[in-house]
Amino acid sequence: MPAPARPPATPASPSASGAGSTALRSSPTRRVQGRWAEAGEVLAAAARSLEAAGADLVLICTNTMHKVADVVGAAVSVPLLHLADATADAVRASGLRRVGLLGTAFTMEQDFYRDRLAAAGLEVRVPDADGRALVHQVIYEELCLGIVRDESRTGYRKVIDDLVAAGAEGIILGCTEIELLIGPEDSPVPLFPTARLHAGAAVDAALAGPRNDTPAPRRPYPADRGVSALPA
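The residue numbering used here restarts from 1 in each chain and proceeds along that chain's sequence as written. The predicted origin of the model limits local features to residues at a pLDDT of at least 70 and limits the giving and counting of side-chain atom pairs to 80 or more, whereas totals for whole chains, interfaces and linings rest on all residues. The basis for every side-chain value is the complete set of heavy atoms in the structure, and neither hydrogens nor water enter the calculation.

### Digging into the overall build of the protein chain
So, step 1. A helix here means a DSSP run of H or I that spans at least four residues, while a strand means a run of E at least two residues long, and both kinds are numbered starting from the N terminus. The helix and strand tally for the protein chain stands at 9 helices and 4 strands.
So, step 2. Each residue gets one of three labels from its accessible area relative to the maximum for its type: buried under 20%, exposed over 50%, partly exposed in between, using a 1.4 Å probe on protein chains only. Expressed as a percentage of the 232 residues in the protein chain, the buried residues total 49%.
So, step 3. Computed by Shrake-Rupley with a 1.4 Å probe, the accessible areas treat only the displayed protein chains as cover when residues are assessed. Total accessible area computed for the protein chain in this model is approximately 10300 Å², and 53% of it derives from carbon and sulfur atoms.

Here it is as structure tokens:
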């Protein structure tokens, strides 16, 4: 999920049909009063509980809440397996460098996720303002509610095509819910499904041995269109 119990208020955003104010479309995060500190405390407490129960590593199974990853990581002595690191490993293993990023407005517009990918040597592109508003709105108002619409899939395909036209060699599905809507057949370039990649990296790290700070090398992500990174 993008956020536990939705700690930040969900920003209003235009519909897939294009309704919405210009101010809102220019930055969907402006009207949000985020309770990130509170969310970080909640997740840190959960991480401490997991460590006390014997966990050898901790994952935050949502892209957006990696905004508070430093707080969570500082709360435990076991490794925190960062989702962006697992994703960057898969992108690099595929031989790609320039990627488009889809996710919530927080993930696309703020630095906490993009900078992590850039630090791994990736060049990150995000949709334009209209595209970001559409992607964000579909996540919170449809996918988080279990609603999957063909019209939204068409809109996402257009956003992906625009990113590819701008030079993206692959597309990061930087919100776990997007995998409900978009598959390899919806993109002319390889997709990187972060939920699957994160789960695979966690298994590799766990099998590498307890309390091992260095995750096992990731299997290369298939570059061929229509091939999933991991079994469903």
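So much for the structure itself; the text now carries on.
### Structural notes on the nonpolar core
So, step 1. Each nonpolar core is a collection of buried residues, namely Ala, Val, Leu, Ile, Met, Phe, Trp, Tyr and Cys, held together in the definition by side-chain atoms within 4.5 Å. By size, the foremost hydrophobic cluster in this structure holds 50 residues, and its most contacted members are Leu102, Val135, Ile139, Tyr156, Ile171, Ile178 and Ile182.
So, step 2. The criterion used for residue contact is that any of the two residues' heavy atoms lie within 4.5 Å. Those residues in contact with Tyr156, other than ones at most four positions away along the chain, are Leu102, Leu134, Val135, Val138, Ile139, Ile178, Leu181 and Ile182.

### Here's the deal with helix α4 (residues 83-93)
So, step 1. Taken as a whole, α4 has its buried residues at Leu83, Ala84, Ala86, Thr87, Ala88, Ala90 and Val91.
So, step 2. Where α4 is buried, its residues touch β1 (98-102), α6 (111-119), β3 (170-173), β4 (191-193) and α9 (194-207).
So, step 3. Where α4 terminates, the next one or two residues include Gly95, which has phi positive at roughly 85 degrees.

### Here's the deal with the pattern of salt bridges
Where charged atoms from two side chains of opposite charge come close, those side chains can pair.
So, step 1. Salt bridges are defined as contacts in which a side-chain nitrogen from Lys or Arg sits within 4 Å of a carboxyl oxygen from Asp or Glu. Enumeration over the complete set of coordinates arrives at 13 salt bridges.
So, step 2. Measuring nitrogen to oxygen at the nearest pair gives 3.0 Å for the salt bridge that ties Arg97 to Glu123. Of this pair, Arg97 sits in the loop between α4 and β1 while Glu123 sits in strand β2 (residues 123-125), and the two are 26 residues apart along the sequence.
So, step 3. Judged by relative accessible area, which is 41%, Arg97 ranks as partly exposed.
So, step 4. Judged by its relative accessible area of 29%, Glu123 is partly exposed.
So, step 5. Note that Asp186 is salt-bridged to Arg157, the shortest N-O span being 2.5 Å. Here the residue Asp186 occupies a position in the loop between β3 and β4, and Arg157 occupies one in helix α8 (residues 150-165), the gap between them amounting to 29 residues.
So, step 6. Under the relative-accessibility criterion, Asp186 is labelled buried at 4%.
So, step 7. If you follow the salt bridges from partner to partner, you end up with Arg97, Glu123 and Arg125 in one network.

### A word on the confidence of the model for the protein chain
So, step 1. Averaged over all residues, the pLDDT of the protein chain is 81; the fraction at 70 or higher stands at 75%.
So, step 2. Taken together, the stretch residues 1-31 has pLDDT below 50 and engages in 71 contacts with residues farther than four places along the chain or on a different chain. Per residue, pLDDT captures the predictor's confidence, and it can take any value from 0 to 100.

### What about the side chain of His82?
So, step 1. With respect to the helices, strands and loops of the structure, His82 is situated in the loop between α3 (69-74) and α4.
So, step 2. Look past the residues within four positions of His82 in its chain and what remains in contact with it is His66, Ala69, Arg116 and His198.

### Points about the packing of aromatic side chains
So, step 1. Here is the rule: rings of Phe, Tyr and Trp (six-membered ring for Trp) pair when centre to centre is within 6.5 Å. Planes less than 30 degrees apart are stacked, more than 60 are edge-to-face, and the remainder are tilted. Taken as a whole and assessed by the stated rule, the structure comprises 2 aromatic pairs.
So, step 2. The rule for a charge over a ring is simple: NZ of Lys or CZ of Arg within 6 Å of the ring centre, and within 35 degrees of the ring normal. The ring of Trp36 carries the charged tip of Lys67 above its face, separated from the ring centre by 5.4 Å.

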